[in-house]
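Below are the chains, spelled out letter by letter.
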Amino acid sequence: MSDKLEFKTIVVPYDGSDQAKHALEVARGLIGGSEESRLMLLHVIPSGMVGATENVDGTVIDGVPWGLLDYETYKDVVDGALARIKSEVEESVGDAASDPRISIEAIADTSPAEAIAKYAATHGADLIVMGRRGLGALRGMLGSVSYGVLHSAEMPVLTVK
Ligand code: ATP
Ligand code: MG
């Protein structure tokens, strides 16, 4: 048995906060060195927010109700928002973005916490590492996303400050 505790697939839910950055650092220290070891960084955009006031290129749409958009246009807006967020995450994590074991994904979902738990289960994660708090302004022990993930996830969850 190896004397180092290693995990094969770690999911790091990432919102760009200092605590999420710390979670990424901790996860990088825990991930195994083998070929199959993966660290999956995941950002969830609450889907009610996707493109609510923005066009694909980031310009503001003035008061056009979403119900009037056809599916293809709506999909373009969502895909554009996800691509933009993904490159923001890539920029924010610095050299981690070029680590071959690390993948970065942005998805849209109505519930970030449930989407994170489901993503981790679907990808066979053996650990989730996340911040206790995030970008929210309120102070307290846990944010709503970390609380929700602790509630929903079947695998071990490590929270860091
Ligand atoms: P709240 O959002 O409830 O006001 P908060 O922002 O302080 O409080 P959380 O949002 O629960 O706290 O953040 C805790 C951790 O959850 C973050 O450090 C990050 O790891 C993860 N996280 C938060 N939001 C997202 C998100 N949208 N996508 C992916 N991970 C997230
Ligand atoms: Mg938050």
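Structural notes, computed from the coordinates. Counting of residues starts from 1 at the beginning of each chain's written sequence and follows it residue by residue. Chains carry letters from A onward and ligands carry numbers from 1 onward, assigned in written order. Reporting of local features is limited, given that this is a predicted model, to residues whose pLDDT is at least 70; pairs of side-chain atoms are given and counted only at 80 or more, and all residues count toward the totals for whole chains, interfaces and linings. Side-chain metrics in this entry use all non-hydrogen atoms of the structure; hydrogen atoms and water are not considered.

What about the nonpolar core?
Item 1. We call a set of buried Ala, Val, Leu, Ile, Met, Phe, Trp, Tyr and Cys residues a nonpolar core when their side-chain atoms join them within 4.5 Å. Buried, partly exposed and exposed residues are distinguished by accessible area as a fraction of the type maximum, computed with a 1.4 Å probe on protein chains only: under 20%, between the cut-offs, and over 50%, respectively. Residues I10, V12, L41, V93 and V129 are the most contacted members of the largest nonpolar core, which totals 25 residues.
Item 2. For this core, the element with the highest residue contribution is helix α1 (residues 18–30), accounting for 5 residues.
Item 3. Listed in part, the 17 residues of the second largest apolar core include V44, A120, I128 and V149. The helix count covers DSSP runs of H or I at least four residues long, the strand count covers runs of E at least two residues long, and both are numbered beginning at the N terminus.

Examining the sheet that holds strand β5 (residues 157–160)
Item 1. Read across the open sheet, the 5 strands follow the order β3-β2-β1-β4-β5; overall the sheet is parallel. Taken across any chain shown, the strands that pair with only one partner, and hence form the sheet edges, are β3 (102–109) and β5. Averaged over all neighbouring strand pairs, the angle between strand axes comes to 25 degrees, with direction disregarded.
Item 2. Relative to β3, strand β2 (residues 38–46) is paired through 8 bridges, and the arrangement is parallel. Bridge pairing in β3 links P46 to D109.
Item 3. Residue contacts are counted whenever heavy atoms from the two residues lie within 4.5 Å of one another. Every axis corresponds to a line fitted to the C-alpha atoms, with the helix fit spanning only the stretch in contact, and the corresponding angles, defined between N-to-C directions, vary from 0 to 180 degrees. Where α1 meets the sheet, its contacts fall on β1 (9–13), β2, β3, β4 (127–131) and β5, and the angle it forms with β4 comes to roughly 150 degrees.
Item 4. Strand contacts of helix α4 (residues 144–152): β4 and β5, with the helix running at about 160 degrees to β4, the strand carrying the most contacts. Between any two strands, at least two bridges found by DSSP are needed for them to pair.

Some details on the packing of helix α3 (residues 112–122) against α4
Item 1. At their nearest, the axes of α3 and α4 sit 8 Å apart, and the two run at 45 degrees to each other. One way to sum up the angle between α3 and α4 is to call them oblique. As for the relative orientation of α3 and α4, their crossing is right-handed in sense. Residues P112, A113, E114, I116 and A117 of α3 form the contact with α4, whose participating residues are V145, G148, V149 and S152.
Item 2. Residue polarity is assigned by list, with Asp, Glu, Lys and Arg as charged and Ala, Val, Leu, Ile, Met, Phe, Trp, Tyr, Cys and Pro as nonpolar; anything else, Gly included, falls into the polar class. Partitioning the contact of α3 with α4 into residue classes produces 6 nonpolar, 2 polar and 1 charged. Angle categories are assigned with fixed cut-offs, so that under 35 degrees is roughly parallel, over 145 is roughly antiparallel, 65 to 115 is roughly perpendicular, and the rest are oblique. Take the far helix as the reference: if the near one is turned anticlockwise from it by less than a right angle, the crossing is left-handed, and if turned clockwise, right-handed.

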